[in-house]
Structure formats: C-alpha cells, structure tokens
Amino acid sequence: MNTQLQLPFRGWSRAEESSKHGSGGGKTPRIGLVLSSGGARGLAHVGVIQVLEEEGISIAALAGCSMGAYVGSLWAAGLSGAQLEERAREIKDRPTLKALMDFIIPPSEGLIRGEKLRKHLERDLGEKTFADLQKPLLVIATDLDRLTPYVFDSGIVSHAVHASSAIPAVCAPVRLNGRRYTDGGVSEPLPVKLLKKRFNLDGVIAVNVMPAPEEFESNSDHTFMQADKPADRAFSRIFRTFWQKINLLANGNVLDTFRRALMAAQLHLIKKEEAAADVVIHPHFATSTWHDYENFEQYLQAGRDAATAALPAMRALLQIEPNLNQETISHEIAPSHTRLERHAA
C-alpha cells in the first residue's frame, strides 16, 4: 500500500477540482472540512453533513481521524447524509454493536481486532482507493513505531480508516507495510493545519465533537459517567463488586485511567487546531460514552443543531474573495513526506 503524501488525482488542479464539485469554476471559495475523532460522538458529523447538503455548502476537500475518518470516507465515496444516517441506525442496540466485535483472547494487543468493523465499512467502500473517491480525503493515523502522525491519501481507503480508528488499548494496532498504526486522534485529533497545508483552500470548517476542557471543570460533560447502579440487592452488590475488579474499563481501572490521560492531551491539541479554523462547529451532548452508538439519534441531532447555529458564520465564509490562482496543487504544497512535524503553538 503506497502511503506517500501524493495528490489524490494525477494532474489534479484547482480549476479541475472547482468544476468537479460545483464551485463555479473558481468563482466560489473552496472550503475544506475537518472531522474530529470522538467515538460515538462522531455520529454528530452525520448531522453536520446533512445541514451542509441541505444548505448547498460545497466542500472541496476533507480530513478526518478515527470516527471522523470513518464518516468522512463514506461521504467522500458518494454516500449522502441520508444514507449515512441509515448506516448509523443499523447499530440499534448494544448486542448489534457486540456482533461487530472480534474479541482477542487473551487480550494482549487490545480487546478487539477490528477486522469485523473494517469489513462492515467495506460493504460501501469495497476496495476503493483514495483516487476513486468523489472528494479528496486525508485520513490521519498514528505511527506507533515512529511516534508521529501519519497521513494516508493513497491506497485502499478502508485499510487507512481501520488504522485511524484503532482506539489505543481497546483495538489492536493495525499492521500495514511492516508498520504499526493506531488511532489518529492520539496525535492529530482535529487536523486543521494539515488540511490547510495540503490544499489551497479559502477557508476551513472544523467539526469538533470532543468535549472542551471547561466542560469537565464545570462537571457538564459526562464522558466518563458511571452507569446507573442496579437495584441494591445482595446478588447485585456482589456482582457489581466482582465486575468492578475485572472490567478494565470500569471507573478507576487501568483503561479508564489511560483514556482520561489520553483525553487530557487530546483536548489541548484540539484547542490549538481550533484556533487555525475559520469556522468551528462544536456539538454538545447531555450524556455520552465512546461506545454509545445505539443512541445515534441524540448525536445526529446535536450535529444538526450545532451546524444550524453555525450557518451565519459558514455563509460569511462563502462570501470571501476566492483565491483565483489556477496553478496545480502540486506547486502549492510542501514536498511529499509521510511524517508530520507538529506545528508550534
């Protein structure tokens, strides 16, 4: 699989891209869209996409990681917002989600392998490569061997998304071409600067479904909310005590501690990336857990609400004077490389 940073289409230029996506042949600003990581919260990306479609806001290029890469890849492949909602509704309950889990026994590399989830994605993507997509897409993973962000923009899309979505400690690392990859949200949870660097865009809309640090400080976010306790019966108390000891994700246990530490780093990385975006859409949720896919409706609605509230800012972005430079993108970006140097704040 070739993962060099190359243009999605041979000979691709600003004028060709503008014509392809209905941006008026260069007369309308070229807008990029960035979709953050966030587990089940990432279903809110679908609601945002639906509003963009309804309002006729054309997107010239996409970047995403983890759940943002999953949703973004399907949209870039041609699925509509309505079709994305249909896919979300398929995970109607916890047993349906568990059926997609290929558990690793013993869980040495992680709790699940993630192959079933990749095959689920391939129902729509098949063996599509990045060059087959209708919109240019960047998928960001984390290279565990080099300890750097890694950009996929060529090769088989589903393999890149699998790598980008491999939640550390929960999912086993994904091996491609002799290297190990994990969740892109670890190193680039909201890759705004990356998208701007790679494409000659007039503006970038960033969708951040992760909580803000101040939401934890005010106790208004419940990402790490403990489940309601069962009825206080003797058997329930005994089972609850036993489960607390063996469930690695339980409050205060090893994976819970790991997730909290990881999120502390992610939230501050996101803050810096938000500052580089022209419009930030930040859906809010009453309650949320990373695996809460059966409550898809609340996430879709939160995305729609946040995108609707941001419409004035997005419309203003569409009124800016577009960059009419017709040079090919290959003359506008840095030389091809695979490792990204983190920008200074």
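So, how was this worked out
- Per-chain numbering applies: the sequence of each chain, read as written, is numbered from 1 onward.
- Confidence filtering applies because this is a predicted model: local features only for residues at pLDDT of at least 70, side-chain atom pairs given and counted only at 80 or more, and all residues used for totals across whole chains, interfaces and linings.
- Remark: hydrogens and water are excluded; side-chain values derive from all non-hydrogen atoms of the structure.
- All axes here are fitted lines through C-alpha atoms, helices being fitted over the stretch that makes contact, and every angle between N-to-C directions spans 0 to 180 degrees.
- Helix and strand definitions follow DSSP, with helices as H or I runs of at least four residues and strands as E runs of at least two, each counted in order from the N terminus.
- Throughout, the term roughly parallel applies to angles under 35 degrees, roughly antiparallel to angles over 145, roughly perpendicular to angles from 65 to 115, and oblique to all others.
- Crossing handedness is read from the near helix: turned anticlockwise from the far helix by less than a right angle, it gives a left-handed crossing, and turned clockwise, a right-handed one.
- Contacts between residues were defined by any pair of non-hydrogen atoms, one from each residue, lying within 4.5 Å.
- Only buried residues count toward a nonpolar core. Its members are Ala, Val, Leu, Ile, Met, Phe, Trp, Tyr and Cys residues joined through side-chain atoms within 4.5 Å.
- Each residue is placed in one exposure class: buried if its accessible area under a 1.4 Å probe, protein chains only, is under 20% of its type's maximum, exposed if it is over 50%, and partly exposed if it falls in between.
- What pLDDT conveys is the predictor's confidence in a given residue, as a value from 0 to 100.
- Following the grouping adopted for this structure description, the nonpolar residues are Ala, Val, Leu, Ile, Met, Phe, Trp, Tyr, Cys and Pro, the charged ones are Asp, Glu, Lys and Arg, and the polar ones are all others, Gly among them.
- Centres within 6.5 Å are what make two rings of Phe, Tyr or Trp a pair, Trp counting through its six-membered ring; a difference in plane orientation under 30 degrees is then read as stacked, over 60 as edge-to-face, and the rest as tilted.
- We count a charge as sitting over a ring when the NZ of a lysine or the CZ of an arginine lies within 6 Å of the ring centre and within 35 degrees of the ring normal.
- A side-chain nitrogen of Lys or Arg and a carboxyl oxygen of Asp or Glu constitute a salt bridge if their distance falls within 4 Å.

Peer 1: Explain the packing of helix α3 (residues 67-76) against helix α6 (residues 115-125) residue by residue, including any values.
Peer 2: Axis separation between α3 and α6 bottoms out at 10 Å; the angle between their running directions is 20°. As far as their axial angle goes, α6 and α3 are roughly parallel. As for the relative orientation of α3 and α6, their crossing is right-handed in sense. The residues of α6 that touch α3, namely those facing Y70, S73 and L74, are L117, H120, L121, D124 and L125.

Peer 1: Outline the nonpolar core, supporting the account with residue identities and numerical values.
Peer 2: L33, F152, I281 and M314 are the most contacted members of the largest nonpolar core, which has 66 residues in total. Beyond its immediate stretch of four places on either side in the chain, M314 contacts L52, I57, I205, V279, I281 and A307. L190, L195, A206 and L267 belong to the second-largest nonpolar core, a separate cluster that totals 22 residues.

Peer 1: Describe the confidence of the model for the chain, naming the residues involved and giving the relevant values.
Peer 2: The predicted model of the chain has a mean per-residue pLDDT of 79, with 72% of residues at 70 or higher. Contacts of residues 224-230 to residues separated by more than four positions or lying in other chains number ten contacts, the stretch itself having pLDDT below 50.

Peer 1: Any chance you could break down the packing of helix α2 (residues 44-54) against helix α4 (residues 81-89) for me, citing the residues and the numbers?
Peer 2: Where α2 contacts α4, the two axes come as close as 9 Å, and the packing angle between them is 160°. In terms of axis orientation, α2 runs roughly antiparallel to α4. Here the hand of the crossing between α2 and α4 comes out left-handed. Here α2 contributes V46, I49, Q50 and E53 to the contact with α4, which in turn contributes G81, A82, L84 and E85. Of the residues contributing to the contact of α2 with α4, the split by class is four nonpolar, two polar and two charged.

Peer 1: Tell me about the packing of aromatic side chains, and please be specific about residues and values.
Peer 2: The geometry of an aromatic ring pair is captured by the separation of the ring centres together with the interplanar angle, meaning the angle of the planes. Per the stated rule, a full pass over the model turns up three aromatic pairs. Both rings, one in F152 and one in Y181, keep their centres 5.3 Å apart while their planes meet at 65°; by these two values the pair is edge-to-face. A residue pair is termed long-range when its members are at least 10 positions apart, and F152 in strand β4 (residues 148-152) and Y181 in strand β6 (residues 179-182) qualify at 29 residues. By the burial criterion, F152 is buried, and Y181 matches it. A network of ring pairs unites the aromatic residues Y150, F152 and Y181 as a single cluster. Over the aromatic face of F199 sits the side chain of R198, whose NZ or CZ is 5.9 Å from the ring centroid.

Peer 1: Pulling in residues and values, what's your account of α6?
Peer 2: Among all positions in α6, only R118, H120, L121, E122 and L125 are buried. Elements in contact with the buried residues of α6: α3 and α7 (157-164). Phi turns positive one or two residues past the end of α6, at G126, with a value near 55°.

Peer 1: Explain the pattern of salt bridges to me, using residue names and the numbers behind them.
Peer 2: Counting across every chain of the model gives 17 salt bridges. The partner of R179 in a salt bridge is D143, and the shortest N-O contact between them spans 3.2 Å. In this pair, R179 sits in strand β6 while D143 sits in strand β3 (residues 137-143), placing the two residues 36 residues apart along the sequence. With a relative accessible area of 24%, R179 lands in the partly exposed category. Across the pair D145 and R180 runs a salt bridge whose closest N-O atoms are separated by 3.1 Å.

Peer 1: How would you sum up the environment of L190? Please name residues and give values.
Peer 2: Within the secondary structure, L190 sits in the loop between β6 and α8 (192-198). Taking relative accessible area as the criterion, L190 reaches 0% and is therefore assigned buried. Sequence spacing of L190 and N208 is 18 residues, and the spatial spacing of their C-alpha atoms is 7.0 Å. Those residues in contact with L190 that sit more than four places away from it in its chain are V34, S36, A206, V207, N208, I270, E273 and E274.

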